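Chain residues, written in single-letter form:
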Amino acid sequence: MKYMLMMHAPKAGWSTAGIGTWPPKDIQAHIRFMMDLNAQLKAAGELVDAQGLAGPEEAKLVRARADGSPDTDGPFAEAKEFLAGFWIVDVDSTERAYAIAAQASAAPGKGGAPLNMPIEVRQVMSAPPVDA
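Quick look at the structure, then. Every value quoted in this text rests on a predicted model; they were computed, and no experiment measured them. The numbers attached to residues start from 1 for each chain and follow its sequence in the written order. In keeping with the predicted nature of the model, local features appear solely for residues at pLDDT of at least 70, side-chain atom pairs appear and are counted solely at 80 or more, and the whole-chain, interface and lining totals rest on all residues. The side-chain numbers reported here are obtained from all heavy atoms of the structure, hydrogens and water having been left aside.

**Topic: the side chain of Asp26**
- Here Asp26 is to be found in helix H2 (residues 24–43).
- Asp26 gets classed as buried once you look at its relative accessible area, which sits at 6%.
- Once residues lying within four places of it in the same chain are set aside, the contact partners of Asp26 are Gly109, Lys110, Gly111 and Gly112. Under the DSSP-based scheme used, a helix requires at least four consecutive residues in state H or I and a strand at least two consecutive residues in state E, with every element numbered from the N terminus. Each residue is assigned to one of three classes by its accessible area relative to the maximum for its type, calculated with a 1.4 Å probe on protein chains only: buried under 20%, partly exposed between the two thresholds, exposed over 50%. By definition in these notes, contact holds between two residues if any of their heavy atoms fall within 4.5 Å.

The structure is reproduced here in structure tokens:
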């Protein structure tokens, strides 16, 4: 079963306390943790994809206008959290997806303390069967 694990980060204080404000050694430790986690998942045959996303200051909401052209809005200062990154994993059980999410949640933050970030876990649905 495939699951998407979405890492949410708090928007409050992002510009004054977000990862970009951490000491370089703490940023390196955090990135190393994520790369090691991805390597473990890949070695286990569970990693489909994993990506970190640009900061919320670059986010835009896009809708199609009546003529089909893009209509953009944002960024949105009122958001409490933002999607910082994601994993797509292919695992044997929901419990395994939860275990991976808990491991990712404990990524080190400033000073090495676990961040305990919220990780949303949702099953990736497949298409309905096609009648042959």
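**Topic: the layout of surface pockets**
- In this structure, the largest pocket encloses a volume near 600 Å³.
- Residue assignment for the lining of the largest pocket shows that the elements contributing at least two residues are strand E1 (2–10), helix H1 (14–17), H2, strand E2 (47–52) and strand E5 (81–90). Only protein atoms enter the 1 Å grid, on which a cavity is a set of points fitting a 1.4 Å probe that cannot get out and a pocket is an open set with protein on both sides within 12 Å along at least 5 of 7 lines, lining residues being those with an atom within 4 Å of a point. Grid points are joined across faces, edges and corners, and a volume is the space filled by probe spheres set on the points.

**Notes on the pairing of E1**
- Any two strands with at least two DSSP bridges between them are considered paired. Here E1 runs beside E5; their pairing, made up of nine bridges, is antiparallel. Considered in E5, the bridge of Ala9 is made with Phe82.

**Describing the environment of Gly85**
- On the secondary structure map, Gly85 appears in strand E5.
- Distance from Gly85 to Val124, taken between C-alpha atoms, is 16 Å for residues 39 residues apart in sequence.
- Once residues within four sequence positions are removed from consideration, Gly85 is found in contact with Leu5, Met6, Met7, Gln51, Gly52 and Leu53.

**Re the sheet that holds E5**
- Across the sheet, four strands lie side by side as E2-E5-E1-E6; this open sheet has antiparallel pairing. In the strand order of this sheet, the two ends are held by E2 and strand E6 (119–123), each with one partner. Direction aside, the axes of adjacent strands within the sheet are offset by 20° on average.
- Judged from the five bridges that link them, E1 and E6 form a sheet pairing that is antiparallel. Counterpart to Leu5 in the pairing with E6 is Val121. Note on method: axes are straight lines fitted to C-alpha atoms, helices fitted across the in-contact stretch only, with angles between N-to-C directions ranging 0 to 180 degrees.

**Notes on helix H3 (residues 94–105)**
- For H3, which comprises 12 residues, the first-to-last C-alpha distance of 16 Å matches the rise-based estimate of 16 Å (1.5 Å per residue) to within 8%.
- Those residues of H3 that fall on the buried side of the exposure criterion are Ala97, Ile100, Ala101, Ala104 and Ser105. The buried side chains of H3 occupy one side of the element, clustering within an arc of 140° when seen end-on.
- Buried residues along H3 sit in contact with E1, H2, E5 and E6. A helix is expected to reach a length of 1.5 Å times the quantity of its residues less one. Directions from the helix axis toward the C-beta atoms define the arc.

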